Amino acid sequence: MNNTRQDAWSQDEDVLLAETVLRYIREGKTQLEAFKEVANRLSRTPAACGFRWNASVRKQYQQAIQLAKQERKQADHFPVYQPELKNTGKDSGFEAAISMLEKLRHNYESANKQSIDTEIQQLKSENDQLKERLKKYQDAWNEIGDIWKRVENPEGKRQVN
């Protein structure tokens, strides 16, 4: 007699559930939306997917959940381009993809340039501070040298070699 339930979850289904939920977390969407997507793909109810996630799958992916949340926070700093899809022909998907990639490149280059400009300003400031400290040390060294000369020759007498 086989005791396996007809609606038992397979390992592949658990992986699909986990991957989908983690993707939704990274994208800033809700887990409920993820459950709906998985439910459609597996012919199950969103409630069944949510129960499976909370009852057993979530425990196996705690570190991945934290990482997905961190990735979402980092992604919040960069604007996400949502292309406008126009039905202009069969190549419109490619045009939208190319447009999206060009805008992403532009956003990346802009963010990278701002980052580099900020770093340059910080380095210039640090360089100026170090120059000031070096000048103080040189002045102190020269003063110590003058004092040492006076100690060696207190009356200003000329030494004969």
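Everything here concerns the structure above.
Residues numbered from 1 in each chain as written. Predicted model: local features only at pLDDT ≥ 70, side-chain atom pairs only at ≥ 80, totals over all residues. Heavy atoms only, no water.

Asker: Hey, could you go over the pattern of salt bridges for me, with residue numbers and the actual values?
Answerer: Counting across every chain of the model gives seven salt bridges. With a shortest N-O distance of 3.3 Å, R44 and E13 are connected by a salt bridge. Linking R44 in the loop between α2 (31–42) and α3 (46–60) with E13 in helix α1 (residues 11–26), this pair joins segments that are 31 residues apart in sequence. Close ionic contact of E37 with R41 constitutes a salt bridge, the shortest N to O distance being 3.6 Å. (Salt bridge = Lys/Arg side-chain N within 4 Å of Asp/Glu carboxyl O. Helix = DSSP H or I, 4+ residues; strand = E, 2+ residues; numbered from the N terminus.)

Asker: Mind laying out α1, listing which residues take part and the relevant values?
Answerer: With 16 residues, α1 extends 22 Å from end C-alpha to end C-alpha; this agrees with the ideal 22 Å at 1.5 Å per step. Those residues of α1 that fall on the buried side of the exposure criterion are E13, D14, L16, L17, A18, T20, V21, L22, Y24 and I25. As for α1, its buried residues are in contact with α2, α3 and α4 (62–75). (Expected span 1.5 Å × (residues − 1). Buried < 20%, exposed > 50% of the residue type's maximum accessible area, 1.4 Å probe, protein only. Contact = heavy atoms within 4.5 Å.)

Asker: Kindly report on the packing of aromatic side chains, identifying the contributing residues and their values.
Answerer: Counting across every chain of the model gives zero aromatic pairs. It is K29 that lies over the ring of Y24; its NZ or CZ is 4.9 Å from the centre. We note R44 situated over the ring of W9; from NZ or CZ to the ring centre the distance is 4.2 Å. (Phe/Tyr/Trp six-rings, centres within 6.5 Å; stacked < 30°, edge-to-face > 60°. Lys NZ or Arg CZ within 6 Å of the ring centre and 35° of its normal.)

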